Every structure is written in structure tokens, then in C-alpha cells.
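The lines below spell out each chain.
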Amino acid sequence: MPRRPVLIFAALVLLAALGLGSFALMSGRLHGPQSSGAALVGGPFSLLDQDGRRVTEKDFRGKYMLVFFGYTYCPDVCPTELQVMTAALDQLGRDADRIQPVFVSIDPARDTPEVLKAYVASFSPRLMGLTGTPGEIAVIARAYRVFYAKASNSSSSTDYLMDHSSIIYLMGPDGSFVRHMAYTTDATKLAADLKDALGTSP
């Protein structure tokens, strides 16, 4: 997939606000490295889960949230990352109960609650899918400093790819940002990072 200077510039601006440093655009998707330090990530949102229930950030209080933004028609990055998240949580044993994994769609036109329900079920019964109106998705994407856009070479209104940042966010039980992990993080490293954040022994 060709590189798109305009999209790269827009993503740089968004990721610079996060303090994530440099990143590479690979296969039409964004990959950011891990960095340290506080970041203004997260905030209020109102979305629908895979069962059509309205949920907000307040529904997750008391649990860690492991958040990834993507879409169900994603051919490679999204399923790979959700598999990594699932495998990492499986390695945590009972500590996984302290974390709610969340998949937020950046393609609400196609990702209805019904579509999301079938999709997340193929990865883990723990995984929650969230979608909403384009406006509602824009709100949470801004809160998490997530870049997304329809691929510029898409020629169909129904069959298209989405460019999006590929970062896993860990949010604390109070809704505050804890850390982020890059797309290149494997399940073993992610599990170790989660154990560290939870304060449990490896």
C-alpha cells in the first residue's frame, strides 16, 4: 500500500500530543513504540457494546481496561493484536479478572453491535466490543489520541480498508492512563507488562 504524506503528517501531530515519539507506517497502518511519562489519554465516552447496551467510561471503574482500536474488516493487524491480547490475558491466570479487554471500532458504518458480537466471540468471551455513531467514535478517538481514516485508495463505499494507529492502551481502575504497548509487543512481553502494572509477581 503506498505511503500517504498527508496521513503521515496528521498522524504525527496526533501522536506527538501523546508523547509517543516516532512511528512507522506499515501496510497502511500506524505503529508506535512504547514510551514513558504521563500522557493525556482517556476521558468520557458513551458507546454501545456488542449486545446493544449503552456503556460509558464509568462502567469500567474498579477494573483495568486494555483498549485497542480497530475494525472487524481489518485483514491482519487487528486480528493479530486481539490474539496477542487474548494470549497475554490467558497467561495471567486469575489476575486477568482484574482487566477488561476492549475492542473499539473505528468503522461504525459497518461494525454494528451484531457484527461486533460475532467478531469478539471468535477471540475470547472476555473481550468487549464497542461501537457507536460516527460522532461518538470521534469523541473516544480524540480522547485516546487515536488516528483513523478511510484508506485514500478505497474505490467502494462498502469494501474499503481503514488506516489507524495500532497501539494497546492500559487504563487504570480510576480511568487514568497507565501505559501503552506497541503493535510489535508479543503476548509474553504484554503479559509481563500487565503483571508489572498490576503489581503481581512474574
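The structure this text deals with has already been given above.
Note that the structure is predicted; figures quoted are calculated from it, not measured.

Calculation criteria
- Residues numbered from 1 in each chain as written.
- Predicted model: local features only at pLDDT ≥ 70, side-chain atom pairs only at ≥ 80, totals over all residues.
- Heavy atoms only, no water.
- Pairing = 2+ DSSP bridges.
- Helix = DSSP H or I, 4+ residues; strand = E, 2+ residues; numbered from the N terminus.
- Axes fitted to C-alpha atoms, helices over the stretch in contact; angles between N-to-C directions.
- Buried < 20%, exposed > 50% of the residue type's maximum accessible area, 1.4 Å probe, protein only.
- Polar contact = N/O pair within 3.5 Å; in protein donor to acceptor, adjacent residues only side chain to side chain.
- Contact = heavy atoms within 4.5 Å.
- Arc of directions from axis to C-beta.
- Parallel < 35°, antiparallel > 145°, perpendicular 65-115°, else oblique.
- Left-handed = near helix turned anticlockwise from the far one by under 90°.
- Nonpolar A, V, L, I, M, F, W, Y, C, P; charged D, E, K, R; others polar.
- Right-handed = clockwise from strand over helix to strand, strands pointing away.
- Phe/Tyr/Trp six-rings, centres within 6.5 Å; stacked < 30°, edge-to-face > 60°.
- Lys NZ or Arg CZ within 6 Å of the ring centre and 35° of its normal.

A.B. asks: Now, about the sheet that holds strand β4 (residues 54–56): what can you tell me, with residues and values included?
C.D. replies: Ordered by their spatial adjacency, 7 strands build an open sheet running β4-β3-β7-β6-β5-β10-β11, and the pairing between neighbours is mixed. Single-partner strands in this sheet number two, and they are β4 and β11 (177–182). Sheet twist, expressed as the average angle between the axes of neighbouring strands with direction ignored, equals 35°. Two strands pair when backbone bridges link them, and strand β5 (residues 64–70) and strand β10 (residues 167–171) are joined in this way by 4 bridges, in the antiparallel orientation. What sits directly across from Val 67, in β10, is Tyr 169.

A.B. asks: Could you give an account of the side chain of Arg 179, naming the residues involved and the relevant values?
C.D. replies: In this structure, Arg 179 sits in strand β11. Arg 179 sits in the buried class, given a relative accessible area of 19%. Engagement of the side chain of Arg 179 in a polar contact is seen with the backbone oxygen of Asp 193, the distance being 3.4 Å. Looking at Arg 179, its side chain comes within polar contact range of the side chain of Asp 196, at 2.7 Å. Setting aside residues no more than four positions away along its own chain, Arg 179 makes contact with Ile 168, Tyr 169, Leu 170, Asp 193, Asp 196 and Ala 197.

A.B. asks: Now, about helix α3 (residues 113–121): what can you tell me, with residues and values included?
C.D. replies: Among the residues of α3, those classed as buried are Pro 113, Leu 116, Tyr 119 and Val 120. The buried side chains of α3 occupy one side of the element, clustering within an arc of 125° when seen end-on. Facing away from the buried side of α3, by more than 90 degrees, are the exposed residues Glu 114, Ala 118 and Ala 121. Residues of α3 that are buried in the fold lie against β3 (46–49), α2 (77–92), β6 (99–105) and β7 (128–131).

A.B. asks: Tell me about the packing of α2 against helix α5 (residues 187–198), residues and numbers included.
C.D. replies: Following both chains from N to C, one finds α2 and α5 inclined at 55°, their axes separated by 8 Å at the closest point. When the axes of α2 and α5 are compared, the pair comes out oblique. For the element pair α2 and α5, the recorded crossing hand is right-handed. Here Val 84, Met 85, Ala 87, Ala 88, Leu 89, Gln 91 and Leu 92 of α2 lie close against α5, whose contacting residues are Ala 187, Thr 188, Leu 190, Ala 191, Leu 194, Lys 195 and Leu 198. Here the contact of α2 with α5 is composed, by residue class, of 11 nonpolar, 2 polar and 1 charged.

A.B. asks: Give a detailed account of the pairing of β5, specifying residues and quantitative values.
C.D. replies: Most of β5 sits out of view: 7 of its 7 residues are buried. Residues of β5 alternate between two faces, with Tyr 64, Leu 66, Phe 68 and Gly 70 on one and Met 65, Val 67 and Phe 69 on the opposite face, all of them buried. Here β5 runs beside β6; their pairing, made up of 7 bridges, is parallel. Across the sheet, residue Met 65 finds its bridge partner in β6, namely Gln 100. On the question of chirality, the crossover connecting β5 to the parallel β6 by way of α2 is right-handed.

A.B. asks: How would you explain the packing of aromatic side chains if you had to name every residue and give the values?
C.D. replies: One pass over the structure, following the stated rule, counts 6 aromatic pairs. Their ring planes at 45° and their centres at 6.2 Å tell us that Phe 45 and Phe 60 sit as a pair that is tilted. With Phe 45 in the loop between β2 (29–31) and β3 and Phe 60 in the loop between β4 and β5, the pair connects residues that are 15 residues apart, well separated along the chain. Note on Phe 45: relative accessible area 5%, which makes it buried. Judged by its relative accessible area of 6%, Phe 60 falls in the buried class. On the basis of an interplanar angle of 90° and a centroid distance of 6.3 Å, the ring pair of Phe 69 and Tyr 169 is categorised as edge-to-face. With Phe 69 in strand β5 and Tyr 169 in strand β10, this residue pair connects regions lying 100 residues apart in the sequence. By relative accessible area, Phe 69 is classed as buried at 2%. A residue is classified by how much of its surface remains accessible, and Tyr 169, at 1% relative accessible area, is buried. Three or more aromatic residues joined by ring pairs form one cluster here, namely Phe 69, Tyr 144 and Tyr 169. If you follow Arg 110 out to its NZ or CZ, it ends over the ring of Tyr 73, 4.1 Å from the centre.

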